[in-house]
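So the chains spell out like this:
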Amino acid sequence: QVQLVESGGGLVQAGGSLRLSCAASGSTFRFNFMGWYRQAPGKQRELVAGITSGGRTNYADSVKGRFTISRDNSKNTVYVQMNSLKPEDTAIYYCNAAEGSRAYWGQGTQVTVSS
């Protein structure tokens with residue numbers, strides 16, 4: 001059974017940085033897509049950043065230039081480096097991994113940015 005385990009969330013002041021990690025276990029295949037979504041209170045879940053197995057990336061406009069996504073295919077692990085954090089980045093961040101029609105989610109990690 002595939003499991004995604006996230007780590008690295010926490011409380012940080014505006015302008016600070018955090019690095020989130022997500023390790024996938026129980027998988028014998030490489031995920032075509034891995035990414036990070038976030039959901040703030042009262043808002044819909046949105047894609048923050050994604051990366052394909054070939055290294056192609058995409059970002060939400062709100063995080064371009066501040067967040068960097070990367071992955072280690074040998075470890076089935078995806079990271080997101082978040083710099084210049086803003087209070088509006090406060091949300092629960094969820095890891096997502098997909099292969100074909102199958103998609104998996106992590107349990108979420110809280111990121112809180114204080115002003």
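Look above for the structure.
Everything numeric in this text was worked out from a predicted model, so none of it was measured.

Undergrad: Pulling in residues and values, what's your account of the pattern of salt bridges?
TA: Tallying each qualifying case throughout the model produces 4 salt bridges. Each of Arg38, Glu46, Arg66 and Asp89 takes part in one network of salt bridges that share partners.

Undergrad: I'd love a proper account of the nonpolar core, names of residues and values included.
TA: Counting 29 residues, the largest nonpolar core has Leu4, Trp36, Phe67, Val78, Met82 and Tyr93 as its most contacted members. Elements with a minimum of two residues in this core: strand S3 (18–25), strand S4 (33–39), strand S5 (46–52), strand S7 (67–72), strand S8 (77–82), strand S9 (91–99) and strand S11 (109–114).

Undergrad: I'd like to hear about the state of the cysteines, residue by residue, with values.
TA: Inspection of every chain in the model, using the stated rule, returns 1 disulfide. The partner cysteine of Cys22 in its disulfide is Cys95, sulfur to sulfur 2.1 Å. Taking the sign of the torsion about the S-S bond as the criterion, the disulfide between Cys22 and Cys95, at about -80°, is left-handed. Of this pair, Cys22 sits in strand S3 while Cys95 sits in strand S9; the two residues are 73 residues apart in sequence, bridging distant segments of the chain.

Undergrad: Tell me about the side chain of Arg38, and please be specific about residues and values.
TA: Looking at the element boundaries, Arg38 is found in strand S4. Looking at Arg38, its side chain comes within polar contact range of the side chain of Ser62, at 3.3 Å. Within the local environment of Arg38, its side chain forms a polar contact with the side chain of Asp89, the two groups lying 2.9 Å apart. In contact with Arg38, other than residues within four places in its own chain, are Gln44, Arg45, Glu46, Val48, Ser62, Val63, Phe67, Glu88, Asp89, Ala91, Ile92 and Tyr93.

Each value, and the rule that gives it
- Residues numbered from 1 in each chain as written.
- Predicted model: local features only at pLDDT ≥ 70, side-chain atom pairs only at ≥ 80, totals over all residues.
- Heavy atoms only, no water.
- Salt bridge = Lys/Arg side-chain N within 4 Å of Asp/Glu carboxyl O.
- Core = buried A, V, L, I, M, F, W, Y, C linked by side-chain atoms within 4.5 Å.
- Buried < 20%, exposed > 50% of the residue type's maximum accessible area, 1.4 Å probe, protein only.
- Helix = DSSP H or I, 4+ residues; strand = E, 2+ residues; numbered from the N terminus.
- Disulfide = S-S within 2.5 Å.
- Polar contact = N/O pair within 3.5 Å; in protein donor to acceptor, adjacent residues only side chain to side chain.
- Contact = heavy atoms within 4.5 Å.

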